[in-house]
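So you can see what is in the structure, the chains are spelled out below.
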Amino acid sequence: MTSTQEFKVSLRKDDVVQVLSGRDKGKIGKVLSINLKSGAVTVEKINLVKRHMKPSQTNPQGGILEKEIPLSYAKVLLFCDTCKRGVRHGKKLEKSAGKKKGEAAKASRIRFCKRCKNGLGAA
Ligand SMILES: [Zn+2]
């Protein structure tokens, strides 16, 4: 075990995910940030906490601030537009034929839905 170990989180910023458990179970949101060291993802409008702000010079009214708390990447699944739900996804190489005759075919890694097999963007 080393302290530099990182979680293999196959999600990315701006991915749309569905929450699997907890208070926001079933909700769908956009990934705002990912912490590979802790394996935590911050999802827009998910796991919100209210912070009561005291009036200050920059915010004379004070008030309530809502802030997302990161949750474990294991609690969210990538959302599949076709299945309309969070799904497990795999990665595969997809070959695209060269445009000109004789040009080598290019292969790029893509993510795909394990349920409907549709592509879910570049890996
Ligand atoms: Zn699907």
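Here we summarise the structure given alongside this text. Predicted model, so just to flag it, every value in this text is computed and none were measured. Every chain is numbered independently, its residues counted from 1 as its sequence is written. Owing to the predicted nature of the model, reporting of local features is limited to residues with pLDDT of at least 70; listing and counting of side-chain atom pairs is limited to 80 or more, with chain, interface and lining totals taken over all residues.

Focus on the overall build of the protein
Across its full length, the protein holds zero helices and eleven strands. For the purposes of this entry, the term helix denotes a DSSP run of H or I that reaches at least four residues, the term strand denotes a run of E that reaches at least two, and both are numbered from the N terminus. Reading the secondary structure of the protein in the N-to-C direction produces β-β-β-β-β-β-β-β-β-β-β. Here the C-alpha radius of gyration of the protein, 19 Å, is well above what a compact globule of 123 residues would show, namely 14 Å. Along the first, second and third principal axes, the C-alpha set of the protein runs to 70 × 35 × 30 Å. Around each residue's C-beta, the other C-beta atoms within 10 Å are counted; 20 or more make the residue buried, 12 or fewer make it exposed, and counts in between make it partly exposed. All C-beta atoms are placed from the backbone. For the protein, buried positions account for 14% of its 123 residues. This radius of gyration counts C-alpha atoms alone. The globule rule is 2.2 Å times how many residues there are, raised to the power 0.38.

A short note on the sheet that holds strand S3 (residues 40–43)
Whether two strands pair comes down to DSSP finding at least two bridges between them. Pairing in this open sheet of six strands is antiparallel, and the strands run S6-S3-S2-S1-S7-S8 from one edge to the other. Edge positions in the open sheet fall to strand S6 (71–72) and strand S8 (85–87), since each of these has one partner strand only. In this sheet, strand S2 (residues 28–35) lies alongside strand S1 (residues 16–19) in antiparallel orientation, the contact comprising three bridges. Looking at S2, one finds that Val-17 is bridged to Gly-29.

Points about the environment of Val-31
As for its position among the elements, Val-31 is in strand S2. In this structure, the C-alpha to C-alpha distance between Val-31 and Lys-13, residues 18 residues apart in sequence, is 5.1 Å.

Structural notes on the pairing of strand S11 (residues 119–122)
Two elements, strand S10 (residues 106–113) and S11, share two bridges in a ladder whose sense is antiparallel. In the strand pairing of S11, Ile-110 is matched with Ala-122. Between S10 and S11, which pair antiparallel one after the other, the connecting turn spans five residues, and Lys-117 there sits at a positive phi close to 70 degrees.

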